[in-house]
Amino acid sequence: MTRSSVPLFHGVITALITPFKDGEVDYAAFEALVEHQIKSGVHGLVPVGTTGETSTLTMAEHKSIVELCVKTAAGRVKVIAGAGSNSTAEALELTQHAKAVGADAALVVAPYYNKPSQEGMYQHYKHLNDNVQIPVMMYNVPGRTVVDLSNATVARLAQLPNIVGIKDATGDLARASMMRLEVPEDFALISGDDPTLLGYMAHGGHGVISVTSNVAPAQMVELYKAAAAGDFATARAIQDKLINLHKALFYDASPSPTKYALSRLGQCTDEVRLPITACAADVRPKVDEAMRLAGL
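This write-up is about the structure you can find in this document.

### Some words on the pairing of strand β1 (residues 11-15)
Most of β1 is tucked away: 5 of the 5 residues are buried. In the sheet, β1 pairs with strand β10 (residues 207-210) via 4 bridges, with the strands oriented parallel. Across the sheet, residue Val-12 finds its bridge partner in β10, namely Val-208. Of the pairings in the sheet, the one linking β1 to strand β4 (residues 44-46) comprises 3 bridges and is parallel in character. The partner of Ile-13 across the bridge, within β4, is Gly-44.

### Observations regarding the sheet that holds β10
Backbone-to-backbone hydrogen bonds join strands into a sheet, with any given pair of strands oriented parallel or antiparallel. The strand order around the closed barrel built from 8 strands is β1-β4-β5-β6-β7-β8-β9-β10, with neighbouring strands paired in parallel fashion. The average undirected angle you get between the axes of adjacent strands in this sheet is 25 degrees. Where helix α9 (residues 217-228) meets the sheet, its contacts fall on β1 and β10, and the angle it forms with β1 comes to roughly 150 degrees.

### A few points about the side chain of Thr-145
Along the chain, Thr-145 turns up in helix α5 (residues 142-145). Within the structure, Thr-145 has its side chain in polar contact with the backbone oxygen of Val-147 (distance 2.9 Å). The residues contacting Thr-145, other than those within four sequence positions of it, are Val-109, Ala-110, Pro-111, Tyr-112 and Tyr-113.

### Remarks on the pattern of salt bridges
Per the stated rule, a full pass over the model turns up 10 salt bridges. Residue Arg-264 pairs with Asp-288 through a salt bridge whose shortest N-O separation is 3.1 Å. Of this pair, Arg-264 sits in helix α11 (residues 256-264) while Asp-288 sits in helix α12 (residues 284-293), placing them 24 residues apart in sequence. Across the pair Glu-289 and Arg-292 runs a salt bridge, and its minimum N-O distance is 2.6 Å. Linking Glu-289 with Arg-292, this pair stays in helix α12, spanning 3 residues, or about one helical turn. For Glu-289, a relative accessible area of 36% translates into the label partly exposed. The class for Arg-292 is exposed, based on a relative accessible area of 52%.

### Observations concerning the nonpolar core
Formed by 83 residues in total, the largest nonpolar core has its most connected members in Tyr-125, Met-138, Phe-187 and Leu-245. Those residues in contact with Tyr-125 that lie beyond four places of it in its chain are Val-108, Val-109, Ala-110, Val-136, Met-138, Tyr-139, Leu-149, Leu-157 and Ile-163. Judged by nonpolar contacts, the second largest core, of 16 residues, contains Phe-9, Leu-107, Val-109 and Ala-169.

### As for unusual backbone geometry
Along the chain, Ser-254 connects to Pro-255 via a cis peptide bond; the corresponding omega equals 10 degrees. Backbone geometry at Glu-53 places phi at a positive 55 degrees, although glycine is not the residue there. Looking at where Glu-53 falls in the secondary structure, it is placed in the loop between β4 and α2 (59-73). For Glu-53, a relative accessible area of 4% corresponds to the buried category.

### What to know about the packing of aromatic side chains
Here the structure, examined in full by the defined rule, presents 0 aromatic pairs. One residue, Arg-156, lies across the ring of Tyr-122, its end atom 3.6 Å from the ring centre. One cation-aromatic arrangement involves Lys-286 over Tyr-251; the distance from NZ or CZ to the ring centre is 5.6 Å.

### Topic: the layout of surface pockets
Estimates place the volume of the largest pocket at around 950 Å³. Tallied by class, residues from the lining of the largest pocket come to 18 nonpolar, 14 polar and 8 charged.

### Overview of helix α10 (residues 232-248)
Between its first and last C-alpha atoms α10 spans 23 Å; for 17 residues at 1.5 Å apiece the expected length is 24 Å, and the two agree. The sharpest bend along α10 comes to roughly 45 degrees, located at Leu-242. Of the residues making up α10, those classed as buried are Ala-235, Ile-238, Gln-239, Leu-242, Leu-245, His-246 and Ala-248. Elements that come into contact with the buried residues of α10 comprise α8 (197-202), α9, α11 and α12.

### Considering the pairing of strand β6 (residues 105-109)
β6 sits mainly inside the fold: 5 of its 5 residues count as buried. Covered by surrounding structure in β6 are Ala-105, Leu-107 and Val-109 together with Ala-106 and Val-108, the residues of both alternating faces. Pairing of strand β5 (residues 78-82) with β6 involves 3 bridges; the strand directions are parallel. What sits directly across from Ala-81, in β6, is Ala-106. Sheet topology note: the β6/strand β7 (residues 136-140) ladder contains 4 bridges and is parallel.

### Quick look at the environment of Phe-187
Mapped onto the secondary structure, Phe-187 falls in the loop between α7 (173-180) and β9 (188-191). Along the primary structure Phe-187 and His-43 are separated by 144 residues, whereas in three dimensions their C-alpha atoms are 17 Å apart.

Thresholds, definitions, all that
- Residues numbered from 1 in each chain as written.
- Predicted model: local features only at pLDDT ≥ 70, side-chain atom pairs only at ≥ 80, totals over all residues.
- Heavy atoms only, no water.
- Buried < 20%, exposed > 50% of the residue type's maximum accessible area, 1.4 Å probe, protein only.
- Helix = DSSP H or I, 4+ residues; strand = E, 2+ residues; numbered from the N terminus.
- Pairing = 2+ DSSP bridges.
- Axes fitted to C-alpha atoms, helices over the stretch in contact; angles between N-to-C directions.
- Contact = heavy atoms within 4.5 Å.
- Polar contact = N/O pair within 3.5 Å; in protein donor to acceptor, adjacent residues only side chain to side chain.
- Salt bridge = Lys/Arg side-chain N within 4 Å of Asp/Glu carboxyl O.
- Core = buried A, V, L, I, M, F, W, Y, C linked by side-chain atoms within 4.5 Å.
- Phe/Tyr/Trp six-rings, centres within 6.5 Å; stacked < 30°, edge-to-face > 60°.
- Lys NZ or Arg CZ within 6 Å of the ring centre and 35° of its normal.
- 1 Å grid on protein atoms, 1.4 Å probe; cavity = no way out; pocket = protein on both sides within 12 Å on 5 of 7 lines; lining within 4 Å.
- Points joined across faces, edges and corners; volume = space filled by probe spheres on them.
- Nonpolar A, V, L, I, M, F, W, Y, C, P; charged D, E, K, R; others polar.
- Expected span 1.5 Å × (residues − 1).
- Bend = angle between axes of the 7 residues up to and from the residue.

Written out as structure tokens, the structure reads:
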């Protein structure tokens, strides 16, 4: 893959939920959700990331959702298919599938539970780089994986032609500035943490893979645009309306509050799959209030 002088990915990229109905994937609701996201101005979509409950989907469901997202998006926005696993062989299979069905890239979380070394994580991503010709975005979320891709490992991987960016969900804003000094200019620095997007952009970030944009896509796009233009006064004003929603969507195990919010908007049911349970009764009023404050 030929690298350009600007990042391949930027803006608001929605980490899509996977709608369920009566225990099955609701493909019609998923297609409608994709259409709504695109009409709201988002720059990209991530089907079957962790917000998409990929850990409780079958392999067939996972692949079908990626295919439907690519087909529905039809080139209008970028599709970054979730392809992470703590098995390198399985991550390769999912990345190869993403390539085969026309996804623009694969999002690959750092291998969880195994607790690989920095060298192990480097080799995991290098194996994908060497065996599939598709852009790969790394995903660093130590709170879930119990491993942390160091800046040194990220910088090393950023030299590989197919490793094009990182979703950084560490919440460490200073890390973004340090990382920016060590990676190529075209390496995409994407926040994976909605509440700190505003600060991440100030540190030189290029956008967000967002949970909040499932519920408030147009508002998240406006926040990004203001920050990208350096209009941080406007960006802060938008953030003030969204900050309670950013937080409320994680008052219970994700994505149950997000699915509850979307059910209130009539876009899907609030069904999740065990071991995630439906949004708790005491959390629902907090989500309702956060939606009201966000103008929803």
